[in-house]
Amino acid sequence: MAIKEPSITASPNRALALTVGSVLALWGILGFFFAADGDPGFFNRQGGMLWNAFGVNPALCFIWVLLAVALLIAGLGTTIASRSANVVVGALLVVFAVYGFVFVNTSANVFALNTTDNVFHAIVGVVLLLTAVGADKENLAALRAARA
C-alpha cells in the first residue's frame, strides 16, 4: 500500500514553509523599493525603513528573497523537504538574529539591522525550528517506512 504525501493543510511543515516563504518574499521585494531611502550601497549600514519598523538594505532584501525561494520550493515539494528547509532557514535566521543583536550599533552591521529586524528573525527562526522538530512526526514516519 502506497503512502500518499500529506497535503499542504495536513502538514504543518509544508504550510509553515509556504507561509514564511510568502512573507519573506513579499518583504524582500518591497524592501528593495525602500532600501534606496538611505545610503545607496549594497551593504550600507544606514538603509531605508520598511513600514517604519524594519531597517532594510539591498543585501538584507536579497537574503530574504533567497530564503523565501528555498522555503517556497520546499513547501510546494514534500514534507521531508519542507522539514529540512525549515531547519536550515530557521537556524540561519536565529544566527542572523544573534548577529544583529551583537553588531546592531557597530560598523559590522552591514545589513542595516535594527531591533525590530532582530526580534523578527529570532521569532521566525525559533518557530521554524520548533515546527521542524515537533510537527509531522506521524507523516514523516509513514513516508520513511513507505520508502523502505
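Our subject is the structure that appears above.
The structure reproduced in this document is the subject of the present report.

Definitions and cut-offs
Residues numbered from 1 in each chain as written. Predicted model: local features only at pLDDT ≥ 70, side-chain atom pairs only at ≥ 80, totals over all residues. Heavy atoms only, no water. Helix = DSSP H or I, 4+ residues; strand = E, 2+ residues; numbered from the N terminus. Buried < 20%, exposed > 50% of the residue type's maximum accessible area, 1.4 Å probe, protein only. Contact = heavy atoms within 4.5 Å. Axes fitted to C-alpha atoms, helices over the stretch in contact; angles between N-to-C directions. Parallel < 35°, antiparallel > 145°, perpendicular 65-115°, else oblique. Left-handed = near helix turned anticlockwise from the far one by under 90°. Nonpolar A, V, L, I, M, F, W, Y, C, P; charged D, E, K, R; others polar. Expected span 1.5 Å × (residues − 1). Core = buried A, V, L, I, M, F, W, Y, C linked by side-chain atoms within 4.5 Å.

1. Overview of the environment of Leu24
Phase 1 of the analysis: Secondary-structure assignment places Leu24 in helix α1 (residues 12–34).
Phase 2 of the analysis: Leu24 gets classed as buried once you look at its relative accessible area, which sits at 0%.
Phase 3 of the analysis: Along the primary structure Leu24 and Leu71 are separated by 47 residues, whereas in three dimensions their C-alpha atoms are 9.3 Å apart.
Phase 4 of the analysis: The contact partners of Leu24, leaving out residues within four places of it in the chain, are Trp64, Leu67, Ala68, Leu71 and Phe120.

2. A closer look at the packing of helix α3 (residues 79–103) against helix α5 (residues 137–147)
Phase 1 of the analysis: In the contact formed by α3 and α5, the axes pass within 10 Å of each other and the chain directions differ by 125 degrees. Overall, the two elements α3 and α5 adopt an arrangement that is oblique. Both α3 and α5 take part in a crossing whose hand is left-handed. In this structure, α3 uses Thr79, Ile80 and Arg83 to contact α5, whose residues at the interface are Leu140, Leu143, Arg144 and Arg147.
Phase 2 of the analysis: Per-class residue counts for the contact of α3 with α5 are three nonpolar, one polar and three charged.

3. Observations concerning helix α2 (residues 58–76)
Phase 1 of the analysis: Between its first and last C-alpha, α2 extends 27 Å over 19 residues, near the 27 Å set by a 1.5 Å rise per residue.
Phase 2 of the analysis: The elements touched by buried residues of α2 are α1, β1 (48–50), β2 (54–56), α3 and α4 (115–134).

4. Digging into the nonpolar core
Side chains of nonpolar character tend, in soluble globular proteins, to be buried together.
Phase 1 of the analysis: Ranked by internal contacts, the top residues of the largest apolar core, which has 26 residues, are Val20, Leu24, Leu60, Trp64, Leu71 and Leu128.
Phase 2 of the analysis: Counting residues per element, the ones that place at least two in this core are α1, β2, α2, α3 and α4.
Phase 3 of the analysis: The contacts of Leu71, once residues within four sequence positions are left out, are Ala17, Val20, Gly21, Leu24, Ala85, Asn86 and Val89.

Worth remembering: the numbers are spatial, not functional.
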